[in-house]
Amino acid sequence: MNPPPNRQSALQAITAAPLDLLIIGGGIVGAGIARDAAMRGLRTGLVEQHDFAFGTSSRSSRLLHGGLRYLAQGRIGLVHEASVEKKIIHHIAPHLADPLPFIFPTYCGNRDWILWQLKIGVKIYDLLCSGRNLGKSTWLTQAEVLRAVPGLNAAGLKGAVRYYDGFTNDARLAIDTLRSAARSGAAVLNYCRFTGAARTAAPSSGAGVPPVHSVSGAGVSPVQSVSGAGVPPVHSVSGAGVSPVHSVSGAGVPPVHWQCEIEDHLAAKTFHVHARAVVNATGPWADGLPHSRVKLRLTKGIHLVLNKTRLPVTDTVVMTEGKRILFAIPWGQRTILGTTDTDYNGPLDDVRADAADIDYVLQIANQFFPTAKLTVPDVISVWAGLRPLVADPSGKPSDISRAHEIHNPEPGWWDVAGGKLTTYRLMAEQTVDRLVKAGGRASSHAHPAQCRTAEEPLLPSSETTGLSGILPPEFTRRTVEHYVTNEWAVHLDDVMVRRTSWHYYCPDAAAKAQQVADWMAELLNWAEPQRAAELARYSALASCLPGRKP
Ligand SMILES: Cc1cc2nc3c(=O)[nH]c(=O)nc-3n(C[C@H](O)[C@H](O)[C@H](O)COP(=O)(O)OP(=O)(O)OC[C@H]3O[C@@H](n4cnc5c(N)ncnc54)[C@H](O)[C@@H]3O)c2cc1C
């Protein structure tokens, strides 16, 4: 493996001197925190165990939304917060935030979604954006709905509301946020796994640091990486219950120092990072980290990609099943169908859609579009992801709050959990605010700057045009070279899945993967066995898709 040149400098930066903060997790939340902290002048590092956006942040519905569903649940504060954020993302990343009209049809006898209530609801929804929504909501008669959505089930149709949210590309949003963070000085590393950390009361002089306790459940015993003779070990926190944020006021509180152990999966070696604060931003993995006090309830959601010719929607169509809502979302020459919401206890690193998930989504779509007669062979690709919901053991998964929580269970350790893609920037701002407040001593900087992430564009348009957008980029060697050189892509699936979405969008993705493997082999000096291994790794991923031969 020949890592890209900037990896070496990031490794150097992250290990050279103690960081103000080390972020664990390179999904959208970790990326947002890294950008915010680096823009405020904090010495910032981030490690991601797989590729950036490998987790939930490449497996969402890709909507920037306040959440009309949450409005129906009376969660006005949550909707307001997310509605403002969707407009901020539209402002800071216009290449990744298209206004998206939604048509929400209602039917006779449906007591869960009543037309007059929706008519009021969408007007309130517009108001909750603190100014103009991305488009103005309207109402449609039955005839207007059928003209706007050909093929929609007409039996019992009463009418519809049309309202606006935003459409994004989740993985691109995370990666461009990381590019922005790196431009502000953050050192970010993919394929680097945090395995444990020890806290000391004072900056390490090399001795007296307690043993590092490793990630639970990984079957690894505590790593005796430093001498630490005679010093009692710092025990990882298990236990239930999340303690509230406690503001460590600096004065009178001894400075803390974390020694974190990181496994570099590309170099097959372990290194240590020293930091004044550690942020656990690991989404669905958050309750498995030592020191974490997070309690999660994970639910799985899947999406199917079809050819647009099979379900030609131009506005997103809202489909309901009881109180649940599903979407048929237009995506260039494709239509995305989703999603499900079921409790999940399987492996976190290999989340797949099963036949029942796929049948459920197709069945609902066929109810709403009976003449489409969609079947499994219509499915071009599938993705499945986990919602990292803050635990509420009772109630239906779809009723659990999507609110986020930030906790500081021990000095210098921060757990950030829950939330949505849409609210990532706010979560980051609040996390860094608290971290800065918790210590004049939590930062090497005397006066960290104010948060500027809502005003400053993620990247100049010259760095995104043709390379980053809602639709996949042009299929050229030049674009692949850019991802390898400037966006930390080291594996074939990094390019096929998260940098470009070619894997999801292109029916001939397997053939495209062969070509990309050839280009990457030239760019990264892969010998033939490595090229073959990359294709095998990609095929293993693609083999879980119905209707597609790897
Ligand atoms: C089906 C579905 C649909 C959704 N749709 C929407 C939507 O339309 N709009 C919206 O706003 N939100 C949506 N969401 C929610 C949104 O996608 C998530 O809230 C968000 O992506 C979570 O980001 P994250 O950074 O917390 O987690 P992740 O993206 O999962 O990132 C966590 C990262 O931490 C890494 N990690 C874990 N352990 C370690 C370790 N030990 N060392 C290093 N790295 C580690 C993981 O590999 C992972 O990449 C949806 C979620 C799902 C599941």
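Here the structure is a predicted model, which is why all the values come from computation and not from measurement. (Residues numbered from 1 in each chain as written. Predicted model: local features only at pLDDT ≥ 70, side-chain atom pairs only at ≥ 80, totals over all residues.)

Chemist: Which residues make up the site of the ligand, and what values go with them?
Modeler: Lining the immediate environment of the ligand, one finds 39 residues, of which Gly25, Gly27, Gly55, Gly283 and Gly301 sit closest. Sorting the residues of the shell around the ligand by element identifies α2 (28–39), β8 (192–200) and β17 (379–390) as the ones contributing at least two each. The leading source of residues in the shell around the ligand is β17, at four residues. (Near = placed C-beta within 6 Å. Helix = DSSP H or I, 4+ residues; strand = E, 2+ residues; numbered from the N terminus.)

Chemist: Residues and numbers for α2, please.
Modeler: A rise of 1.5 Å per residue sets the reference length of α2, with its twelve residues, at 16 Å; its end C-alpha atoms lie 16 Å apart and thus fit the reference within 8%. The element α2 is largely enclosed, with a buried count of twelve among its twelve residues. Two residues or fewer past α2, glycine 41 is found with a positive phi of approximately 90°. (Expected span 1.5 Å × (residues − 1). Buried ≥ 20, exposed ≤ 12 C-beta atoms within 10 Å, placed from the backbone.)

Chemist: So, the nonpolar core: which residues are in play, and what are the values?
Modeler: Counting 147 residues, the largest nonpolar core has Leu21, Ala34, Val188, Val278 and Val279 as the members making the most contacts within it. Here valine 278 is in contact with Leu21, Leu22, Ile24, Ala197, Trp258, Cys260, Gly412, Trp413 and Trp414, once residues within four sequence places are set aside. (Core = buried A, V, L, I, M, F, W, Y, C linked by C-beta atoms within 7 Å. Contact = placed C-beta atoms within 7 Å.)

Chemist: Explain the confidence of the model for the protein chain residue by residue, including any values.
Modeler: Residues at a pLDDT of 70 or more form 85% of the protein chain, whose mean pLDDT is 88. Contacts for the low-pLDDT stretch residues 204–252, under 50 throughout, to residues beyond four places or in other chains number 94 contacts. (pLDDT = per-residue confidence, 0-100.)

Chemist: So what's going on with the environment of glutamate 48? Which residues, and what values?
Modeler: When you line up the elements, glutamate 48 lands in the loop between β2 (44–47) and β3 (63–64). For glutamate 48, a count of 28 C-beta atoms within 10 Å corresponds to the buried category. Considering only alpha carbons, one finds glutamate 48 and tyrosine 191, 143 residues apart in sequence, at a separation of 5.7 Å. When sequence neighbours within four positions are dropped, the list of residues in contact with glutamate 48 reads Gly25, Gly26, Leu189, Asn190 and Cys192.

Chemist: Describe the packing of α2 against helix α9 (residues 424–438), and please don't skip the residues or the numbers.
Modeler: Closest axis-to-axis distance for the α2/α9 pair is 8 Å, and the angle between their directions is 50°. Put simply, α2 runs oblique to α9. Viewed along their axes, α2 and α9 form a crossing whose handedness is right-handed. Contact residues: Ile28, Val29, Gly32, Ile33, Arg35, Asp36 and Ala37 in α2; Tyr424, Arg425, Met427, Ala428, Glu429, Thr431 and Val432 in α9. Grouping the amino acids of the contact of α2 with α9 by side-chain chemistry returns eight nonpolar, two polar and four charged. (Axes fitted to C-alpha atoms, helices over the stretch in contact; angles between N-to-C directions. Parallel < 35°, antiparallel > 145°, perpendicular 65-115°, else oblique. Left-handed = near helix turned anticlockwise from the far one by under 90°. Nonpolar A, V, L, I, M, F, W, Y, C, P; charged D, E, K, R; others polar.)

Chemist: For the packing of α2 against helix α7 (residues 170–183), give the residues involved together with the corresponding values.
Modeler: In the contact formed by α2 and α7, the axes pass within 8 Å of each other and the chain directions differ by 25°. Here α2 lies roughly parallel to α7, going by the angle between them. In this structure, α2 crosses over α7, and the sense of that crossing is left-handed. Contacts from Ile28, Ala31, Gly32, Ala34, Arg35 and Ala38 of α2 reach α7 at Asp170, Leu173, Ala174, Thr177, Leu178, Ser180 and Ala181. Here the residues of the contact of α2 with α7 sort into eight nonpolar, three polar and two charged.

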